[in-house]
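Now for the letters of each chain:
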Amino acid sequence: MDEGGTPLLPDSLVYQIFLSLGPADVLAAGLVCRQWQAVSRDEFLWREQFYRYYQVARDVPRHPAAMSWYEEFQRLYDTVPCVEVQTLREHTDQVLHLSFSHSGYQFASCSKDCTVKIWSNDLTISLLHSADMRPYNWSYTQFSQFNKDDSLLLASGVFLGPHNSSSGEIAVISLDSFALLSRVRNKPYDVFGCWLTETSLISGNLHRIGDITSCSVLWLNNAFQDVESENVNVVKRLFKIQNLNASTVRTVMVADCSRFDSPDLLLEAGDPATSPCRIFDLGSDNEEVVAGPAPAHAKEGLRHFLDRVLEGRAQPQLSERMLETKVAELLAQGHTKPPERSATGAKSKYLIFTTGCLTYSPHQIGIKQILPHQMTTAGPVLGEGRGSDAFFDALDHVIDIHGHIIGMGLSPDNSRAWPNGAVVADPMQPPPIAEEIDLLVFDLKTMREVRRALRAHRAYTPNDECFFIFLDVSRDFVASGAEDRHGYIWDRHYNICLARLRHEDVVNSVVFSPQEQELLLTASDDATIKAWRSPRTMRVLQAPRPRPRTFFSWLASQRR
């Protein structure tokens, strides 16, 4: 401006000049004069800055909750937890999992040093308790979860045993006294386990039917198992799920769907049918023969032939593996039960897990509704209320990822895709998986994929060595670990990678504080836990505070 305050350049020309500057230079130029200050806050200018800086596709609109492009740019730049503030080195081996309490005041960590550590989440994080699980014959701890009121901690681990052993255990720890309250068997160990209610948890068991066919049984367990009366149930079988081609149920989690007004997500199934063939009750390790009544319209052919094979009156002409597949297909068609529905669905929950049908590697997401009356250990036990026609429980919905699922969380899941057109000829030899890792997001209300996130990192581990990576989601962001020694943070709306968080080895777990999304924790094979905060939080914490005045200096100032 000249001495009279008249602009020497029109706003349009200043605007064109500012378009060629970067965000920091635009803000600095805005401090020169009032005219430049006004232009530096122009909405069209910051829209261009936003799309150019973050490389967002032009057809992606601004976040619906954003008030301006300037504020939206500031949100992505200033509120992402990307500043390392503390490194915790109390673990002596690989740290596998992290979980926050619902209040955000505490978090837990699991490690291959076979301890579960509970931490206090203050400005400076400190260790509250360390539980050593080696006296209980554990090999290492792998997963933890706080119950809803943060009074109990579920910790999952792996038993000592042969290299191919799949047995594990779940322990419940009181957060008041840090006492071990109960232990529950869990097989395979990568079921992990989860809370269904404040005092009930879900575990798994696996029963082999043949070489590549099995049954996964999910159990509901009471966290407090020292009951005085033998008439009080502490465990109840929830579901029996059929596994084909060496697949198993893994990574069990529960989604609360009470926020849906009219949940109508379940697939309809046909009327239940019965079968004359004898079947095994897989609720226990013993094989109990159960005879079922003859169906009203039994079909001859394959069904009749399989009946004779199971009764020992015929020799199969098929290989053992093919016969198992045929038996499993028959049982799936004739012994499934249509999903029940609650009257309102207001308190129903969804059981979500990884599974498969083509190969042993998890490539599908299974969803099963849990109704209110099923959320307690009271009632029929070991299938007493189940008819002989309900040999397996039918899944309400199955989502095929067409790739090896290496991580899953609410709401996104993490996968490495199979090649296009891949065909599974042998269930024990799944297709090779891609180096690129995709983040997929599914809406639990519509059961459809919402969007495919940016491929921001790579992985090189083959199928048979692939491990699970725990990811997390906050209100605005998604975070995931990776093999390339980094954790990654994406924006949920724009599907862009905002930060890379450095470790010295594979990052296994990431978790946002449930009360403060500008705080993130990462765990790595380098045996460390790192805490990350946003630049905005760091400015607030590091800002100089005014020195408190003494009483006498305040009194003297009042007398003046």
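Since the model is a prediction, treat every value here as computed from it, not as a measurement.

S.K.: Quick rundown of the environment of Tyr-53? Include the residues and the values.
M.R.: If you trace the backbone, Tyr-53 turns up in helix α4 (residues 43–54). Between the C-alpha atom of Tyr-53 and that of Phe-73, which follows or precedes it by 20 residues, the distance is 9.1 Å. Here Tyr-53 is in contact with Pro-23, Phe-73 and Tyr-77, once residues within four sequence places are set aside.

S.K.: So what's going on with a nonpolar patch on the surface? Residues and values would help.
M.R.: There is a patch of nonpolar side chains on the surface, built from Leu-8, Leu-9, Leu-13 and Ile-17 and spanning about 340 Å² of accessible area. Tracing the chain through its elements places Leu-8 in the segment before α1 (11–19). Exposure remark for Leu-8: the relative accessible area of 61% places this residue in the exposed category.

S.K.: Describe the nonpolar core, and please don't skip the residues or the numbers.
M.R.: Membership of the largest hydrophobic core comes to 30 residues, with the highest contact counts inside it found for Phe-18, Phe-50, Tyr-54, Val-56, Leu-76, Ile-489 and Leu-520. Secondary-structure elements contributing two or more residues to this core are α1, α2 (23–29), α4, α5 (69–78), β27 (477–480), β29 (497–502) and β30 (507–513). Among the elements that line this core, the one with the most residues is α4, at 5 residues. Discounting residues that sit within four places of it in the chain, Val-56 has contacts with Phe-50, Tyr-51, Tyr-494 and Ile-496.

S.K.: Now, about unusual backbone geometry: what can you tell me, with residues and values included?
M.R.: Cis peptide bonds are those with omega within 30 degrees of zero, and the linkage from Lys-187 to Pro-188 qualifies with -5°. Along the chain, Pro-188 turns up in the loop between β9 (180–186) and β10 (194–195). For Gln-55, which is not glycine, the phi torsion reads 55° and is therefore positive. Residue position: Gln-55 is located in the loop between α4 and α5. One non-glycine residue, Asn-495, adopts positive backbone phi at about 55°. Its location among the elements puts Asn-495 in the loop between β28 (486–491) and β29.

Cut-offs applied
Residues numbered from 1 in each chain as written. Predicted model: local features only at pLDDT ≥ 70, side-chain atom pairs only at ≥ 80, totals over all residues. Heavy atoms only, no water. Helix = DSSP H or I, 4+ residues; strand = E, 2+ residues; numbered from the N terminus. Contact = heavy atoms within 4.5 Å. Patch = residues over 30% accessible without salt bridge, like charges linked within 9 Å, V, L, I, M, F, W, Y side chains within 5 Å. Areas by Shrake-Rupley, 256 points an atom, 1.4 Å probe, with all protein chains shown as cover. Salt bridge = Lys/Arg side-chain N within 4 Å of Asp/Glu carboxyl O. Buried < 20%, exposed > 50% of the residue type's maximum accessible area, 1.4 Å probe, protein only. Core = buried A, V, L, I, M, F, W, Y, C linked by side-chain atoms within 4.5 Å.

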